[in-house]
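Structure at a glance
Below, each chain spelled out in residue letters.
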Amino acid sequence: MKKTISVFVAIGFFLIIVTAVGSFSEKKTDVQEYYTKNSIEKTGSANIVNAIVWDFRSYDTLGEETVLFTAIIAVFLIAHKKSIAEKKEVSG
Amino acid sequence: MDAIIKTTTRLLVPLIMVFGFYVSLHGHISPGGGFPGGVILASAFLLLVIAFTEKEVEKHFSEIKIGDLKSVASIALLGIVLLEVIVRPDILHLQTPLTLWSGGVTIFLNLFGAIVVASGLVIIVYSLVKEEWKSKKSKW
Amino acid sequence: MIFEFLLLVAIILAIAAVEVKDMLYAVLILGGLDLVVAVLFYLMAAPDIAITQIVVTAVFGTFIYVVAVNRTGRKEVIE
């Protein structure tokens, strides 16, 4: 029973996505037109994705890097807890 | 692991690192960028750690402690902040497009982002693999 | 034509990854699914996303799943 229900839900999501993919590209917003027309003149980089990520929305990317750095520090503090404690015992 | 896998790893790791630097430094012209380049650089270290045993890895990486990589990541993040806030509005229109030196300050931003991502993923991989080495049940 | 064929392959691989009893084989099938999805992104003219998909999920996702399987056990536990 569970399997049949999950299969039907998956088929429904698949149909929704297949019908929605065509309609995504038809809408054109002002921001999209501005980026595609002015990216080479304003930023000078030929790759539009890179121009958006590192130039038009660079503060957004800065936030992403900060989140990644915070995750790194958390992983380091949790995984190397024992070695840090041993160092403290040796030094102090 | 076998001798075949070790020899192949010795040959492949420099090429993978060169490809990672290419993807991150050439990201403003061809597809790529800082994030995939950094992850490719970290995957070279992942291949190294999987192929060799604990002693062989510790022999080469004992000087470079993992805490130093954390400091490198923080310095690169500081570089990103300085470039984006202070330097970027001044040299925005300097270069011609489709050459290597184009895109203003984007090439340095790609490099610093790749350094942050690569050092962070190396820390995560090394922590996980070291836990695996400590447990005696492991087959690595 | 090849686009729809790869979509079908992706669906078959996803169902196989759920149904396989051995967890290590499920992880490997999931890596193959990531490769197929990366080829789909490349056919949809998004090579940036294809590179990121291959490198992040097919390499690091597989590594983290293999570590998790190594710690918990290969056989599927049915409650």
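Refer to the structure above for everything that follows.
A short tour of the structure in this document, coming up. Quick caveat, the model's predicted, so the values are computed rather than measured.

**Observations regarding the interface of chain B and chain C**
Taken together, the contact between chain B and chain C spans 18 residues of the former and 14 residues of the latter. Per-residue buried area on chain B facing chain C is highest for P31, L128 and E132 of chain B; these three make up 32% of the total on that side. Applying the counting criterion to the chain B and chain C interface returns one salt bridge. A salt bridge links E132 of chain B to R71 of chain C, with the shortest nitrogen-to-oxygen separation between them at 3.0 Å. There are three residue pairs in polar contact (both at pLDDT 80 or more) connecting chain B and chain C. At the level of elements, α2 (34–51) and α5 (106–134) of chain B are the ones that each hand at least two residues to the side of chain B that touches chain C. Of all the elements, α2 of chain B adds the most residues to the side of chain B that touches chain C, at eight residues. Residues that form the side of chain B that touches chain C fall into these classes: 13 nonpolar, three polar and two charged.

**Remarks on helix α2 (residues 30–43) of chain A**
Residue and element names in this part refer to chain A. Taking 1.5 Å of rise per residue, 14 residues should cover 20 Å, and α2 covers 18 Å from first to last C-alpha, within 8% of that figure. Along α2, the largest kink reaches about 50° and is centred on K37. Along α2, the residues classified as buried are Y35, N38, S39 and T43. Where α2 is buried, its residues contact α3 (48–56). Downstream of α2 by one or two residues, G44 has phi in the positive range, about 85°.

**Examining a nonpolar patch on the surface**
Together, V7, F8, I11, F14, L15 and V18 of chain A together with I11 and I15 of chain C give the surface a local cluster of nonpolar side chains, amounting to about 750 Å² of exposed area. Elements that contribute at least two residues to the nonpolar patch include exactly α1 (2–24) of chain A together with α1 (2–19) of chain C. Sort the elements by how many residues they give to the nonpolar patch and α1 of chain A lands first, with six residues. Residue placement: F14 of chain A occurs in helix α1. The class of F14 of chain A is partly exposed, set by a relative accessible area of 35%.

**Some thoughts on unusual backbone geometry**
All names here are of chain C. Of note, the phi angle at A45 is positive, near 60°, even though the residue is not glycine. With respect to the secondary-structure elements, A45 resides in the loop between α2 (23–43) and α3 (47–72). According to the relative accessible area criterion, A45 is exposed, its value standing at 67%.

**Quick look at the interface of chain A and chain B**
Contact residues are listed per partner, giving 24 residues for chain A and 37 residues for chain B. Both faces considered, chain A and chain B share a buried interface measuring about 2,600 Å² in area, 65% of it formed by carbon and sulfur atoms. Summed over the shared surface of chain A and chain B, the number is zero salt bridges. Taken together, chain A and chain B are joined by six residue pairs in polar contact (both at pLDDT 80 or more). Of all the secondary structure elements, the ones that give two or more residues to the side of chain A that touches chain B are α2, α3 and α4 (58–79) of chain A. In terms of residue count, the dominant contributor to the side of chain A that touches chain B is α4 of chain A (twelve residues). Grouping the constituent residues of the side of chain A that touches chain B by class yields twelve nonpolar, eight polar and four charged.

**A word on the environment of F3 of chain C**
Residue and element names in this part refer to chain C. The residue F3 is located in helix α1 in this model. When the C-alpha atoms of F3 and M44 are compared, they prove to be 9.0 Å apart, with 41 residues separating the residues in sequence. Not counting residues up to four positions away in its chain, the partners in contact with F3 are L40, L43 and M44.

**Comments concerning the nonpolar core**
Of all hydrophobic cores here, the largest spans 28 residues; its most connected members are F45 and V125 of chain B together with F60 of chain C. Of all the secondary-structure elements, those providing two or more residues to this core are α4 of chain A, α1 (3–25), α2 and α5 of chain B together with α3 of chain C. Ranked by the residues each element gives to this core, the list is headed by α2 of chain B, at nine residues. Setting aside its immediate chain neighbours within four residues, F60 of chain C contacts V39, A42, S43, L46, L121 and V125 of chain B together with V55 of chain C. Counting six residues, the second largest nonpolar core, distinct from the first, contains W54 and L62 of chain A together with I80 and L109 of chain B.

Cut-offs used in this document
- Sequence positions are assigned chain by chain, starting from 1 and proceeding in written order.
- In the order they appear in the text, chains get letters beginning with A and ligands get numbers beginning with 1.
- With pLDDT at 70 or above as the cut-off, local features in this predicted model cover only qualifying residues; side-chain atom pairs require 80 or more to be listed or tallied, and sums for whole chains, interfaces and linings still use all residues.
- The side-chain figures draw on all heavy atoms in the structure; neither hydrogens nor water molecules are used.
- It only takes one pair of heavy atoms within 4.5 Å for two residues to be counted as in contact.
- Here the buried area means the combined drop in accessible surface, using a 1.4 Å probe, for two parts upon being joined, counting both sides.
- We define a salt bridge as a side-chain nitrogen of Lys or Arg found within 4 Å of a carboxyl oxygen belonging to Asp or Glu.
- Pairs of N or O atoms within 3.5 Å make up the polar contacts considered here, provided that, within protein, one atom can donate a hydrogen while the other can accept it, and that residues adjacent in sequence are counted only when both atoms are side-chain atoms.
- Secondary structure counts use DSSP, requiring at least four H or I residues in a row for a helix and at least two E residues in a row for a strand, with both numbered from the N terminus.
- Three residue categories are used. Nonpolar comprises Ala, Val, Leu, Ile, Met, Phe, Trp, Tyr, Cys and Pro, charged comprises Asp, Glu, Lys and Arg, and polar comprises the others, including Gly.
- For a helix, the expected span equals 1.5 Å multiplied by the number of residues minus one.
- Take the seven residues that end at a residue and the seven that start at it, fit an axis to each, and the angle between those axes is the bend at that residue.
- Note on exposure labels: buried denotes an accessible area under 20% of the residue type's maximum, exposed denotes more than 50%, and partly exposed covers the range between, all computed with a 1.4 Å probe on protein chains only.
- By definition, no residue in a patch forms a salt bridge, and every one has over 30% relative accessible area; like charges are joined within 9 Å, nonpolar side chains (Val, Leu, Ile, Met, Phe, Trp, Tyr) within 5 Å.
- Here the accessible surface of atoms and residues is derived via Shrake-Rupley with a 1.4 Å probe, and residues count as covered only by protein chains that are part of the display.
- Joining through side-chain atoms within 4.5 Å is the link that ties buried Ala, Val, Leu, Ile, Met, Phe, Trp, Tyr and Cys residues into a set, and such a set is a nonpolar core.

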